[in-house]
Amino acid sequence: MPLRRRLLALIALVLALCLIAGGALSYWNGLRKVDLEMSSGIDVASSAISDALSTIASGGDARGQVLRLLSSFDGDRHIKVSLVSPDGKSVNASHLLPPVDPPPHWLYWLLSGTPRERTFDLPADLKQIGTITIAADSHNEVSEVWEDLKLKFVIVGSFCAIVFGLIYASLGRALRPLEQLSSALDRVGEGDYTAHVSEDGPDDLKRIYRAFNRMAEQLQDSEQRNQRLNEQLSTVQEEERSEIARDLHDEIGPFLFAADVDAQAIPSLVSRQASDEVVDRSKAIRQSVKHMQVHLRGVLSRLRPAHLIDQGLAIAVEQLVAFWKARRPQIDFQMDIEDERFATAIEEVAFRILQEGTSNAVRHGQPGTIGLTARRTGEILRIVVSDDGSGITAKTTRGFGLAGMRERVASLDGRFSISDQENGKGVMLIVEIPLPSASASGNNKHKPITTSAA
Ligand SMILES: Nc1ncnc2c1ncn2[C@@H]1O[C@H](COP(=O)(O)OP(=O)(O)OP(=O)(O)O)[C@@H](O)[C@H]1O
Ligand SMILES: [Mg+2]
């Protein structure tokens with residue numbers, strides 16, 4: 001059931017209970033009032049009749065006096081006085097005043113109470129006339145209670161209706177923002193993170209709206225970041241593929257061609273018995289093959305670093321440095337890499353950080369020196385890539401490399417930071433990865449490799 005309907009049903013129930021309680025109280029009051037009125041009516045009438053009877057003298061007009069006594073009660077609201085003959089028949093009676101607005105039968109039945117009657121004997125010498133009976137009739141009193149009840153119910157009923165109407169209207173207003181929030185949540189659930197709710201209303205709701213808007217903004221932000229990362233990833237993959245194709249074409253193609261030329265020459269050299277030249281050609285073929293092997297390994301290590309890391313982080317970094325030394329011989333590479341083996345996931349992340357850090361330093365900084373460090377300090381593996389290049393400029397773009405590093409480090413609950421060096425020359429990238437005690441393998445050697453590859 002919707003919240004609004006549930007609250008209204010609850011309020012209606014409370015109001016109905018109040019009405020029932022009010023009705024019960026009114027009934028109890030009415031019952032008391034009727035009872036009191038009837039018994040006091042009987043008492044007053046009894047004393048009036050006793051007084052009158054004491055003055056009635058036997059003789060000529062005794063019956064006439066009795067009838068006058070009866071008619072003196074004509075028009076009474078509650079008391080009816082009757083003359084009952086000795087054989088038990090009512091021979092004469094006073095006339096009750098009829099109620100202006102007769103009460104409904106059920107109410108009369110509920111409120112009339114037990115019938116009250118009292119009988120008075122006439123003086124001994126008038127006994128042949130009969131007896132006088134007084135009876136209380138509650139119709140007029142119940143009619144009064146009925147009038148009173150109707151008025152009360154009109155007042156209380158209108159009060160309840162007004163209260164209910166006001167609550168209905170104000171609940172609608174108060175709950176409208178929640179409906180807005182619920183439809184915004186539905187939109188977020190369907191992946192539309194532009195959903196926004198206006199931040200007005202009571203303070204506690206405002207806090208919820210603010211939190212919702214912040215959440216939607218963050219979701220939108222991370223979705224955009226993901227989209228950008230995906231786009232960059234496919235661009236990087238494209239670039240990587242064309243770079244590998246270029247490498248294969250430029251580095252392997254000429255040597256394959258050279259090896260083919262040398263191999264083709266060998267049969268005619270053999271037929272001319274030029275054995276020295278055959279030896280030279282076979283040496284040339286071997287050199288070409290060796291060259292191709294080196295390049296092929298370079299390409300493979302870029303495609304599958306895990307294979308490279310099989311031999312340990314230190315060796316993988318040495319090969320990384322060799323790769324860059326071959327292309328940037330002027331850069332001085334300073335290495336300080338832990339020889340200890342760590343969990344594969346940690347070694348892979350560490351290698352990727354060092355690889356991307358070095359590639360960024362070479363590509364963006366034009367440094368003279370690049371420092372690569374991976375050292376254990378207690379339960380932390382601290383990785384540092386520093387250079388003395390141009391540093392991070394204001395024009396720095398948001399590439400895939402730094403974002404990828406951040407994500408890799410976060411996946412291992414590590415910390416990542418990159419900033420310009422304190423001396424203003426170059427960049428310092430620091431990553432700290434917590435080492436789970438189980439991650440240290442059995443063959444830890446704890447021998448740091450400190451190399452300067454100039
Ligand atoms: N060592 C560095 N020296 C100077 N600038 C740097 C260095 N490292 C990063 N930057 C700056 O930070 C930017 C972001 O680096 P990031 O690795 O994320 O992207 P990229 O290298 O430009 O592209 P990608 O890595 O996606 O191919 C770089 O474009 C560069 O401007
Ligand atoms: Mg980069």
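All figures in this text were calculated on a predicted structure; none of them were measured in a lab.

Sheet topology note: the strand β5 (residues 332–337)/strand β6 (residues 369–377) ladder contains six bridges and is parallel. Along β6, the bridge assignment pairs Phe333 with Ile370. Note on the crossover from β5 through helix α9 (residues 344–365) to β6: the handedness is left-handed. Where β6 meets strand β7 (residues 380–387), eight bridges bridge the pair, whose relative direction is antiparallel. Looking at β7, one finds that Arg375 is bridged to Arg382. The hairpin formed by β6 and β7 contains two residues between the paired strands, and Gly378 there has a positive phi angle of roughly 65°.

Domain assignment breaks the protein into domain 1 (3–164) and domain 2 (327–453). Distance from the C-alpha centre of domain 1 to the C-alpha centre of domain 2: 104 Å.

Tetrahedral coordination by four donors sets the ideal angle at the metal to 109.5 degrees; octahedral coordination by six donors sets it to 90 or 180 degrees. At the metal site, the magnesium ion (ligand 2) is ligated by Glu356 (OE) and Asn360 (OD1), and these contacts range over 2.0 to 2.1 Å. One end of the pair, Glu356, and the other, Asn360, are both in helix α9, four residues apart, so they sit about a helical turn from each other.

The next point concerns the packing of helix α8 (residues 313–327) against α9. It is the contact of α8 with α9, at a shortest axis distance of 10 Å, that shows an interaxial angle of 20°. With respect to α9, the axis of α8 lies roughly parallel. Like other packed secondary-structure pairs, α8 and α9 cross with a definite hand, here right-handed. On α9, the residues touching Leu313, Ala316, Val317, Leu320 and Trp324 of α8 are Glu347, Ala350, Phe351, Leu354, Gln355, Thr358, Ser359 and Val362. By residue class, the composition of the contact of α8 with α9 is nine nonpolar, three polar and one charged.

Let us now look at the sheet that holds strand β3 (residues 117–121). The four strands lie next to each other as β2-β1-β4-β3, forming an open sheet whose pairing is antiparallel. The sheet terminates laterally at β2 (90–93) and β3, the two strands that pair on one side only. Here the strands of the sheet are splayed against their neighbours by 25° on average, with no regard to which way each runs. Across three bridges, strand β1 (residues 79–84) lies against β2 in antiparallel orientation. Following the sheet pairing, Leu83 is matched in β2 by Asn92. Contacts from helix α2 (residues 62–71) reach β1, β2 and β4 (131–136), with the element oriented near 160° to β1.

Attention now goes to α8. When the terminal C-alpha atoms of α8 are compared, their 21 Å separation across 15 residues agrees well with the 21 Å that a helix rising 1.5 Å per residue should span. For α8, every residue scored as buried is listed here: Leu313, Ala314, Ala316, Val317, Leu320, Val321, Phe323, Trp324 and Lys325.

With respect to the element layout, Asp262 can be found in helix α5 (residues 203–271). Look at Asp262 and you get buried, because its relative accessible area is 11%. If we ignore the near neighbours within four places in the chain, the residues touching Asp262 are Arg281, Ala284 and Ile285.

Taken together, 15 residues lie around ligand 1, and Glu356, Asn360, His364, Phe400 and Leu402 are the ones closest in. One nitrogen or oxygen atom from the side chain of Arg363 is found 3.1 Å from an oxygen atom belonging to ligand 1. Asp387 has a polar side-chain atom sitting 3.0 Å from a nitrogen atom of ligand 1. If ligand 1 stood free it would expose 600 Å²; the protein chains cover 89% of that surface. Secondary structure elements with two or more residues in the shell around ligand 1: α9 and α10 (400–411). Looking at the shell around ligand 1 element by element, the count peaks at six residues for α9. Classifying every residue of the shell around ligand 1 by side-chain character gives four nonpolar, eight polar and three charged.

Glancing now at a nonpolar patch on the surface. A cluster of nonpolar side chains, contributed by Leu10, Leu13, Val14, Leu17 and Ile20, occupies part of the molecular surface with about 500 Å² of accessible area. Topologically, Val14 is positioned in helix α1 (residues 3–55). Take Val14: its relative accessible area is 46%, and that puts it in the partly exposed class.

Next up on the list: the packing of aromatic side chains. Following the criterion strictly, the structure yields two aromatic pairs and no others. Ring geometry for Trp106 against Trp146: centres 6.2 Å apart, planes inclined by 85°, an arrangement best described as edge-to-face. With Trp106 in helix α3 (residues 105–111) and Trp146 in helix α4 (residues 139–189), the pair connects residues that are 40 residues apart, well separated along the chain. Between Phe323 and Trp324 the ring centres are 5.3 Å apart and the planes differ by 85°, which places this aromatic pair in the edge-to-face class. Judged by relative accessible area, Trp324 falls into the buried class, the value being 12%. Directly above the aromatic system of Trp28 lies the positively charged group of Arg32, at a separation of 5.3 Å from the ring centroid. The residue whose ring lies beneath Arg327 is Phe323, and the NZ or CZ to ring-centre distance is 3.8 Å.

Attention shifts here to the environment of Val163. You can see Val163 is positioned in helix α4. The exposure class of Val163 is partly exposed, given its relative accessible area of 22%. With 13 residues separating them in the primary sequence, Val163 and Lys150 have C-alpha atoms 20 Å apart.

What follows covers the pattern of salt bridges. Scanning the entire structure with this criterion turns up 20 salt bridges. A salt bridge links Arg376 to Glu379, with the shortest nitrogen-to-oxygen separation between them at 3.7 Å. One salt-bridge network, in which partners are shared between bridges, spans Lys33, Arg77, Glu141 and Glu144.

The rules behind these values
Residues numbered from 1 in each chain as written. Chains lettered and ligands numbered in written order. Predicted model: local features only at pLDDT ≥ 70, side-chain atom pairs only at ≥ 80, totals over all residues. Heavy atoms only, no water. Pairing = 2+ DSSP bridges. Helix = DSSP H or I, 4+ residues; strand = E, 2+ residues; numbered from the N terminus. Right-handed = clockwise from strand over helix to strand, strands pointing away. Domains from an automatic or database assignment. Donors = N, O, S within 2.8 Å, 3.2 Å for Na, K, Ca; no water. Axes fitted to C-alpha atoms, helices over the stretch in contact; angles between N-to-C directions. Parallel < 35°, antiparallel > 145°, perpendicular 65-115°, else oblique. Left-handed = near helix turned anticlockwise from the far one by under 90°. Contact = heavy atoms within 4.5 Å. Nonpolar A, V, L, I, M, F, W, Y, C, P; charged D, E, K, R; others polar. Expected span 1.5 Å × (residues − 1). Buried < 20%, exposed > 50% of the residue type's maximum accessible area, 1.4 Å probe, protein only. Near = heavy atom within 4 Å. Polar contact = N/O pair within 3.5 Å; in protein donor to acceptor, adjacent residues only side chain to side chain. Areas by Shrake-Rupley, 256 points an atom, 1.4 Å probe, with all protein chains shown as cover. Patch = residues over 30% accessible without salt bridge, like charges linked within 9 Å, V, L, I, M, F, W, Y side chains within 5 Å. Salt bridge = Lys/Arg side-chain N within 4 Å of Asp/Glu carboxyl O. Phe/Tyr/Trp six-rings, centres within 6.5 Å; stacked < 30°, edge-to-face > 60°. Lys NZ or Arg CZ within 6 Å of the ring centre and 35° of its normal.

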